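Fold and contact review
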Protein chains: 2
Amino acid sequence: MSPPRDPESTRRHLLEVSAEEMRFKGYKAASLADILNKAKVSKGALYHHFANKQELGYAVFDEIFVREFLADWDVPMSNTDPIDAVCQWITEMSEQATREKLQQGCPVCNIATEMVSLDEGFRDRTQIMFDTLRSRIAVMLSTAKLNGQVKQVVVPESVSSFIVATVQGAMMQGKYGRDLETFKAILRCLADYLTTLKT
Amino acid sequence: MSPPRDPESTRRHLLEVSAEEMRFKGYKAASLADILNKAKVSKGALYHHFANKQELGYAVFDEIFVREFLADWDVPMSNTDPIDAVCQWITEMSEQATREKLQQGCPVCNIATEMVSLDEGFRDRTQIMFDTLRSRIAVMLSTAKLNGQVKQVVVPESVSSFIVATVQGAMMQGKYGRDLETFKAILRCLADYLTTLKT
DNA sequence: TTGCAAACAGACCGGTTGGTCTGTTAGTGT
DNA sequence: ACACTAACAGACCAACCGGTCTGTTTGCAA
């Protein structure tokens, strides 16, 4: 076991339990009492590590959800065709998906949908995260364009936004319908579209 | 003015004010006290018309949000090419979009994202609604396929899911980034893809 | 060993929540 | 004119919310 009094692991534990609660219930509906109960940590401890619920929420978002999200979206930049790389990544995502994960949806999107219009902090975080993601993909497409691997009519910024939107939309539909097949079908269409962009 | 004691209009008014609150705050965060205040209706009146908050939520969802949603998605079945019709509809949607509307996002999706995993009623309603929508579009594509207007490789069910997912994803991205241009760019990509399906 | 701050423990609090209950009022059928 | 019920009005309530505050314990530095 961890030593008695290990502030760093207490904080971490609190973050993870909070994340679990917020994953399922959302930000507002995740109650501190439940979190404290589940984590077997006192209120004093929580408020020692976090100024308030908002700060806890931000920490969960930054240190758990965004981290996970960007890791999931880490398209391996193979040395071959980038479009192929993206398509392969999509296929893998499609294969790894389970009904349970799909049901939960994307935590970042769930929290963002809930909070973006109510809280500046969440809004800024969401905006920055998606900007990061989109520009990452856009850069990939730009170099592919320079290498003559995709058609010259392709607008990298548009297509990268399109990819992100469609994948997130697919997850949403999957969540609502609890249907793995629908999710996979959408991703297959996306891969089809992307291959049409190849030279 | 309406006569004193018009139960039907009281109900309607309550529904509309609740919808306004839920649009902005979501279901759980929309408080009855605020709704009552805003609507200038007593708690007794509300609980005369609705059994509880859940029933009120369902009514708002069914009678306001779903109705609006399906009306928005009512792609005019022109007698010419269905793909063209969808593309034109997308263009119109793109043109009509404002920053304010985009910021609010799609109420159905907002509520669905919040409630689907917590409440059976909302889950069923969401599922039925999207099934309705997807099959509507799938039928359109099927007939187009029979008429030889789209390629034979097109799977109507997949493409219809894809369209829905991408448009919803575009709205999400637009909401998060508060950026009209991103929204429009995504829809343009979708239109591009759809035209590649034509024979 | 003692001092002292960091790390907790948990009682307590005011405000808000959805929901109930006891009225009162208005329309309507007889 | 009267009765009866639908349509309200609003005081009241327990449960819960996030947050505070006062204590205690622990580890570590001097």
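Presented here is an overview of the structure given in this document.

Thresholds applied
Residues numbered from 1 in each chain as written. Chains lettered and ligands numbered in written order. Predicted model: local features only at pLDDT ≥ 70, side-chain atom pairs only at ≥ 80, totals over all residues. Near = placed C-beta within 6 Å. Helix = DSSP H or I, 4+ residues; strand = E, 2+ residues; numbered from the N terminus. Nonpolar A, V, L, I, M, F, W, Y, C, P; charged D, E, K, R; others polar. Least-squares fit on C-alpha atoms with pLDDT ≥ 70 in both. Core = buried A, V, L, I, M, F, W, Y, C linked by C-beta atoms within 7 Å. Buried ≥ 20, exposed ≤ 12 C-beta atoms within 10 Å, placed from the backbone. Contact = placed C-beta atoms within 7 Å. Expected span 1.5 Å × (residues − 1). Arc of directions from axis to C-beta. Axes fitted to C-alpha atoms, helices over the stretch in contact; angles between N-to-C directions. Parallel < 35°, antiparallel > 145°, perpendicular 65-115°, else oblique.

**As for the protein's contact with DNA strand C**
In the vicinity of DNA strand C, 20 residues are found, and the nearest of them are Pro7(A), Gly44(A), Ser31(B), Asn52(B) and Lys53(B). Elements with a contribution of two residues or more to the surface near DNA strand C: helix H1 (7-25) and helix H3 (43-49) of chain A together with helix H2 (32-39) and helix H3 (43-49) of chain B. Across the surface near DNA strand C, the residue classes break down as eight nonpolar, seven polar and five charged.

**What about the relation of the copies chain B and chain A?**
Superposing chain B onto chain A takes a rotation of 180° plus a shift of 0.0 Å along the axis, which leaves an RMSD of 0.1 Å. On this basis, the relationship between the two copies can be described by a two-fold rotation axis.

**Some thoughts on the nonpolar core**
Formed by 112 residues in total, the largest nonpolar core has its most connected members in Ile111(A), Ile186(A), Ile111(B) and Ile186(B). Setting aside its immediate chain neighbours within four residues, Ile111(B) contacts Met22(B), Gly26(B), Tyr27(B), Phe61(B), Phe65(B) and Phe122(B).

**Details of unusual backbone geometry**
Residues and elements named next belong to chain B. Within the chain, lysine 40 stands out as a residue other than glycine whose phi angle is a positive 50°. One can find lysine 40 in the loop between H2 and H3. The phi dihedral of arginine 178 falls on the positive side, at around 50°, and the residue is not glycine. In this structure, arginine 178 sits in the loop between helix H9 (156-177) and helix H10 (180-196). For arginine 178, a count of 16 C-beta atoms within 10 Å gives the class partly exposed.

**Considerations on helix H5 (residues 82-96) of chain B**
Because an α-helix completes one turn every 3.6 residues, residues spaced three or four positions apart along the sequence face the same direction. Residue and element names in this part refer to chain B. The end-to-end C-alpha separation of H5 is 21 Å, in line with the 21 Å expected for 15 residues at 1.5 Å each. Buried within H5 are the following residues: Pro82, Ile83, Val86, Cys87 and Ile90. Each buried residue of H5 lies within a common arc of 145° when the element is viewed along its axis, so the set occupies one face. Turned more than 90 degrees away from the buried face of H5, the exposed residues are Glu92, Glu95 and Gln96. On its buried face, H5 is in contact with helix H8 (120-146) and H10.

**Topic: the packing of helix H1 (residues 7-25) of chain B against helix H4 (residues 53-72) of chain B**
Residues and elements named next belong to chain B. Following both chains from N to C, one finds H1 and H4 inclined at 90°, their axes separated by 9 Å at the closest point. For the element pair H1 / H4, the angle class is roughly perpendicular. For the pair formed by H1 and H4, the contact residues are Leu15, Ser18, Ala19 and Met22 on the first element and Leu56, Ala59, Val60, Glu63, Ile64 and Phe65 on the second.

This is a description of form; function is not addressed.
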